[in-house]
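Residues per chain, in single letters:
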Amino acid sequence: SVTPKERRKNPPFPFTTSTLQQEASRKLGFPVRKTMMVAQTLYEGVELGKDGYTGLITYMRTDSTKISPIAEAETKKYIGSAYGKEYVGRGGRKAKAKPGAQEAHEGIRPTNVLRVPLDVKPFLKTDQFKLYTLIWERFVASQMSAAVYDTVTCDIEANKHVFRATGSR
């Protein structure tokens, strides 16, 4: 039997401290200490030529994934112009706060989504660029619509045994 289906996957939430550390370790090979040191430099600020000394990310010690309405609106406008209106997320998704979570700050995000990683690359050290790109991409993705997958499940019976193959696109 062959069963085609459509599946949706919601985008990830913006980074918290722990999810940033996990992804930086997994994707960039950064130990926790290095991740936090590099994030601190991005938070404190970098010289951006004519724009001067500028902090590139929000505070990086947070358990929150909430985002300011201004940043959310700015990002949705950017997504609509860069990728198309169909990729703008509906919003309204909220992560459940863990007991004892420190939610005084926003989730980790770029201070200005219009500072695309390649535009600021000339002003950043290699590790700063890698981490900023990771944060920028995750934040933009968090404000996009759900991914849509076409999935197919195929059950094959042979000699009283059932084999299942699945795939998605």
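Residues numbered from 1 in each chain as written. Predicted model: local features only at pLDDT ≥ 70, side-chain atom pairs only at ≥ 80, totals over all residues. Heavy atoms only, no water.

Asks: Would you take a moment to explain the sheet that holds strand β5 (residues 161–168) for this structure?
Replies: The pairing of strands in a sheet happens through backbone hydrogen bonds and is either parallel or antiparallel. Spatially, β1-β4-β5 is the arrangement adopted by the three strands of the open sheet, whose pairing is antiparallel. Only two strands of the sheet have a single partner each, and these edge strands are β1 (2–9) and β5. Strand after strand, the sheet turns through a mean of 25° between neighbouring axes, direction not considered. Pairing between β1 and strand β4 (residues 147–158): eight bridges, direction antiparallel. Bridged to Arg8 within β4 is Val148. (Pairing = 2+ DSSP bridges. Helix = DSSP H or I, 4+ residues; strand = E, 2+ residues; numbered from the N terminus. Axes fitted to C-alpha atoms, helices over the stretch in contact; angles between N-to-C directions.)

Asks: Can you help me understand the pattern of salt bridges in this one?
Replies: Should their charged atoms come close, side chains of opposite charge can pair. Throughout the structure, instances matching the rule amount to nine salt bridges. The closest approach of N and O atoms between Arg109 and Glu106, which form a salt bridge, is 2.7 Å. In this structure, Arg164 and Asp155 form a salt bridge, with 2.7 Å as the shortest nitrogen-oxygen distance. Relative accessible area serves as the criterion here: at 59%, Arg164 is assigned to the exposed category. The structure contains a network of salt bridges with shared partners spanning Glu23, Arg26 and Lys27. (Salt bridge = Lys/Arg side-chain N within 4 Å of Asp/Glu carboxyl O. Buried < 20%, exposed > 50% of the residue type's maximum accessible area, 1.4 Å probe, protein only.)

Asks: What should I look at first to understand the packing of helix α2 (residues 32–44) against helix α5 (residues 126–142) in this one?
Replies: The axes of two packed helices give the description: the angle between them and the distance between them. One way to put it is that α2 packs onto α5 with a least axis distance of 10 Å and a crossing angle of 90°. Classed by the angle they form, the pair α2 and α5 counts as roughly perpendicular. Only Asp127, Gln128, Leu131 and Tyr132 of α5 make contact with α2, whose side of the interface consists of Lys34, Thr35, Val38, Ala39, Thr41 and Leu42. Along the lines of polarity and charge, the residues of the contact of α2 with α5 split into five nonpolar, three polar and two charged. (Parallel < 35°, antiparallel > 145°, perpendicular 65-115°, else oblique. Contact = heavy atoms within 4.5 Å. Nonpolar A, V, L, I, M, F, W, Y, C, P; charged D, E, K, R; others polar.)

Asks: Can you walk me through the environment of Arg115 in this structure?
Replies: When you line up the elements, Arg115 lands in the loop between α3 (69–82) and α4 (117–120). Considering only alpha carbons, one finds Arg115 and Trp136, 21 residues apart in sequence, at a separation of 8.8 Å. If we skip the residues at most four places from it in the chain, Arg115 touches Leu48, Thr54, Gly55, Leu56, Val120, Tyr132 and Trp136.

Any link to function would need more than the numbers given here.
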